[in-house]
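# Coordinate inspection notes
The residues making up each chain are set out below.
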Amino acid sequence: MTTFHIQQFGCRATQADGAALERQLLDRGCTSTPDLQSANIVVLNTCTVTAAADAQAREAIRKIHAQNPAACLIVTGCYAQRAPEELAALAGVNWVVGNSHKPQIPALVDTLSTTELPETWNNFYPAAALVSGPAVSFRSLVGAGFGPPAAPHFANILTGDIFKHPEFLSAPIQGGESHHTRPILKIQDGCNNRCSFCVIPFVRGKSRSLPADTVIREIRKLTVAETFPSVSTLLEQALLPATPNLRHQPSHAREIVLSGINLGTYGRDLSPRIAFSDLIRRILDETSIERLRISSIEPLDVTEDLIELFAGTQRIAHHFHMPLQSASDRILAAMHRWYRAEHYARRVDLIHDRLPNAAIGADVITGFPGETESDHTATLSFIERHPFTYLHVFSYSPRPGTKAASLPNQVPAPTIKRRARALRSLAEQKSSAFRQSQIKRTLCVLTLRRDEHADTHTTPALSSNYLRVQIPGVFPSNRWLDVVVQREEGNDLIGELPPTRTES
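Residues numbered from 1 in each chain as written. Predicted model: local features only at pLDDT ≥ 70, side-chain atom pairs only at ≥ 80, totals over all residues. Heavy atoms only, no water.

### Some remarks on the packing of helix 15 (residues 373-385) against helix 16 (residues 413-437)
Two elements in contact, helix 15 and helix 16, have axes whose closest approach is 10 Å; the angle formed by their N-to-C orientations is 10°. By the criterion of interaxial angle, the relationship of helix 15 to helix 16 is roughly parallel. Along the contact surface, helix 15 presents Glu-373, His-376, Thr-379, Leu-380, Ile-383 and Glu-384, while helix 16 presents Thr-415, Arg-418, Arg-419, Ala-422, Leu-423, Leu-426 and Lys-430. Residues that form the contact of helix 15 with helix 16 fall into these classes: five nonpolar, three polar and five charged. (Axes fitted to C-alpha atoms, helices over the stretch in contact; angles between N-to-C directions. Helix = DSSP H or I, 4+ residues; strand = E, 2+ residues; numbered from the N terminus. Parallel < 35°, antiparallel > 145°, perpendicular 65-115°, else oblique. Contact = heavy atoms within 4.5 Å. Nonpolar A, V, L, I, M, F, W, Y, C, P; charged D, E, K, R; others polar.)

In C-alpha cells:
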C-alpha cells in the first residue's frame, strides 16, 4: 500500500491545492501518514513569493532527505514552476512538477506505485521543452529516458508554459484534508496584475475562475458531506464526557474559506461575467453554509457594496485581509499598485464604521528599492492611525524576472531588518490592543482540532473576527460555542462558557 505525506508552505491557495491533491491520492487508495519517515512518497508544495520562502523549501528538502532517504520526493508548487532545474539538482529530489502539471501528480503517483503505465498522459512536457513544445504521452517520456532519474542529483522535470493553460487547474475536496476543520476552497487562480515586485503571475498564469455553478455545487457537497471519522476524531470523541450533544461530531463543514490568488477579480473571465459580490450572494442564497470566510482581497475590490454585504449577515466572517504593501504613494507607484494611501484609508475607515469589531489585516513589504526613511515613516504612521488588527510583514527580496529586481537603490539588508523589526513591533501592539478590546465580549467561535500532544486541557477556537480563543475543557472540533472573553494570554484570548451556554 502506498503511503504519502504532504508538506506545504505558502498562501491559502497553495493550501487548497495541497488539500485537493490529498483528496485525489486518498481516492486512489493511497494512505496519508503524518509520519514523514514512514511515507513511501513525500510531496513538497512550495511557495516562491520571497527568497526566504525559497530557502525554506530547500531546507525542507534537506531535512526530508535526511529523515527518509528512501522516499520518492516530488517537489511542486510555485518554486517548482519558477526554477525547476534549481530544485532538480538538489539531493533527494526525484521529480519536480510545476503548477502547470500539478493536477497530474496523482497519475504520477500511480506509475510510481505500480508496474503498469497509463496508456496516455496528456499535456506533459519533458525537461527539454520547458517553455513550449507538443504534449506527449507519459509512456513516450519514459521511453525517452524520463523515468526514474539516472543521475543521483538531477531529478525529472515535468512542467510547461503556465500561460498555455487557460483552464482552471484544481480538483474537488471533501473536507477534513490536512486535518483542517475549515475547508479551503480555491475559486480563482492566477493574476493579470504586474506588480513590479511580484513573481506570482509568472508561476500561476492568467486570472481564471471556477464557474459559479461549480462553486455552488462544491460548497453544497462540503456542507452536507457524510464522511467516515478519522482515527484522531474517534480518539478525540472517546475522551469526551458521555454527553450526547457533546459526543456528536458533525461531518459537514460549518465554515468554508474562499481562496484565490487575486480573489476580487473572480468572474471577470467567465461568460457571462459575474461579480465577486454576486457570487457571495448566490452562495448565501443557494447553500446552507453557516459561515463563509474570504481570504486576501485587493483593496480596490473591497467596494461599499461588498462591505454592506458583510455587515448585513452573520454568515460571512467579519474579517478583511487587504494587502497594503506600503503607505508611501511614491513607493506604491514604483510597485505598480493601482491605489494610493488615501484610497486604502477610505476602505479601512468604512469597514471600521460599519463593523467596528471586524478584523482588518494587511501585508506590508519593507525595503522596496528606493524606499527612504521618510517612506518607511509614512507607512508606520499610516498603520498607527488606522484600526489594523494584524499585519504580515515581508522583507523585500528581488524575485528573478520582475521589474523591481533591476531597479537601482536597492536597500541594504541591515536597513531592511531594522525596518521590519519596527513594523512587527507595531503590529504586535495593534494586535494586542484589538485582543484587549474584545475582553468581556461574547463571541461565537468555531472549535478547532486540538493538538493531541498538547499538555493543556483546553480547546482552540476561532471567532468571526479572526481571533484565536482558548476554551478550558475538551470539546469536539467543528462546534459553535458562545464564549465570554476573560483575558488575553500571549497571542490568544481565554474564553469561558457562560452559565447558560449555547452550542450547536
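Having seen it, we continue.
### Structural notes on the environment of Phe-4
Examined against the element boundaries, Phe-4 turns out to sit in strand 1 (residues 3-8). On the accessibility criterion, Phe-4 (2% relative accessible area) is buried. The sequence separation of Phe-4 and Ser-38 amounts to 34 residues, and the corresponding C-alpha distance is 8.3 Å. Beyond its immediate sequence surroundings of up to four residues, Phe-4 is in contact with Glu-22, Leu-25, Leu-26, Cys-30, Thr-31, Ser-32, Thr-33, Ala-39 and Ile-41. (Buried < 20%, exposed > 50% of the residue type's maximum accessible area, 1.4 Å probe, protein only.)

### Quick word on the nonpolar core
Core analysis: the largest hydrophobic core is formed by 57 residues, its most contacted members being Leu-258 and Phe-388. Excluding anything up to four places from it in sequence, Leu-258 contacts Leu-185, Ile-187, Ile-219, Leu-263, Ile-280, Ile-283, Leu-292, Arg-293, Ile-294 and Ser-295. Counting residues in each nonpolar core, the second largest holds 23 residues, with Leu-36, Val-42, Ile-64 and Ile-157 among its members. (Core = buried A, V, L, I, M, F, W, Y, C linked by side-chain atoms within 4.5 Å.)

### Some thoughts on the sheet that holds strand 14 (residues 390-395)
Taken in spatial order, the three strands make up an open sheet running 12-13-14, and their pairing is parallel. Each edge of the open sheet is held by one strand with a lone partner, namely strand 12 (319-321) and strand 14. Each strand axis lies, on average, 15° off the axis of its neighbour in the sheet, ignoring direction. Bridge count for strand 13 (residues 359-366) against strand 14 is six bridges, and the pairing is parallel. Counted as the bridge partner of Ile-365 is Phe-394 from strand 14. (Pairing = 2+ DSSP bridges.)

### Here we look at the packing of aromatic side chains
Tallying each qualifying case throughout the model produces seven aromatic pairs. The interplanar angle of 65° and the centroid separation of 5.6 Å between the aromatic rings of Phe-368 and Tyr-396 together place this pair among those described as edge-to-face. Of this pair, Phe-368 sits in the loop between strand 13 and helix 15 while Tyr-396 is found in the loop between strand 14 and helix 16, placing the two residues 28 residues apart along the sequence. A relative accessible area of 0% means that Phe-368 is categorised as buried. Arg-194 extends its terminal NZ or CZ atom over the ring of Phe-202, reaching a point 5.2 Å from the ring centre. (Phe/Tyr/Trp six-rings, centres within 6.5 Å; stacked < 30°, edge-to-face > 60°. Lys NZ or Arg CZ within 6 Å of the ring centre and 35° of its normal.)

### Here we look at helix 1 (residues 12-27)
Here helix 1 contains 16 residues, and its C-alpha end-to-end distance of 22 Å stays within 8% of the 22 Å for a straight helix at 1.5 Å per residue. Inspection of helix 1 places Ala-13, Thr-14, Ala-16, Asp-17, Gly-18, Ala-19, Ala-20, Leu-21, Glu-22, Arg-23 and Leu-25 among the buried residues, and these make up the whole buried set. Positive backbone phi, approximately 95°, marks Gly-29, located one or two places after helix 1. (Expected span 1.5 Å × (residues − 1).)

### Focus: the pairing of strand 4 (residues 72-77)
Of all the six residues making up strand 4, six are buried; the element is thus mostly covered by neighbouring parts of the structure. Residues Cys-72, Ile-74 and Thr-76 of strand 4 are buried on one face, and the alternating residues Leu-73, Val-75 and Gly-77, pointing to the opposite face, are buried as well. Bridge analysis of strand 3 (residues 41-46) against strand 4 gives six bridges, and the strand direction is parallel. Bridging across to strand 4, Leu-44 finds its partner in Val-75. Tracing the backbone out of strand 3, into helix 2 (residues 51-67) and back to the parallel element strand 4 gives a crossover that is right-handed. (Right-handed = clockwise from strand over helix to strand, strands pointing away.)

### A short note on unusual backbone geometry
The amide bond that connects Ser-271 to the next residue, Pro-272, takes the cis arrangement and shows omega of 0°. Inspection of the secondary structure assignment puts Pro-272 in the loop between strand 10 (255-259) and helix 11 (276-286). In this structure, Asn-409 takes a positive phi of about 60° despite not being glycine. Given a relative accessible area of 59%, Asn-409 falls into the exposed group. A positive phi angle, near 65°, is found at Asn-478, a position not held by glycine. We classify Asn-478 as buried; its relative accessible area is 5%.

### Here's the deal with the packing of helix 12 (residues 304-311) against helix 14 (residues 341-354)
Packing of helix 12 against helix 14 leaves a shortest axis separation of 10 Å and a crossing angle of 25°. In terms of their interaxial angle, helix 12 and helix 14 are classed as roughly parallel. For the pair helix 12 and helix 14, the sense of crossing is right-handed. Judged by residue contacts, Glu-304, Ile-307, Glu-308 and Ala-311 of helix 12 engage Arg-347, Leu-350, Ile-351 and Arg-354 from helix 14. (Left-handed = near helix turned anticlockwise from the far one by under 90°.)

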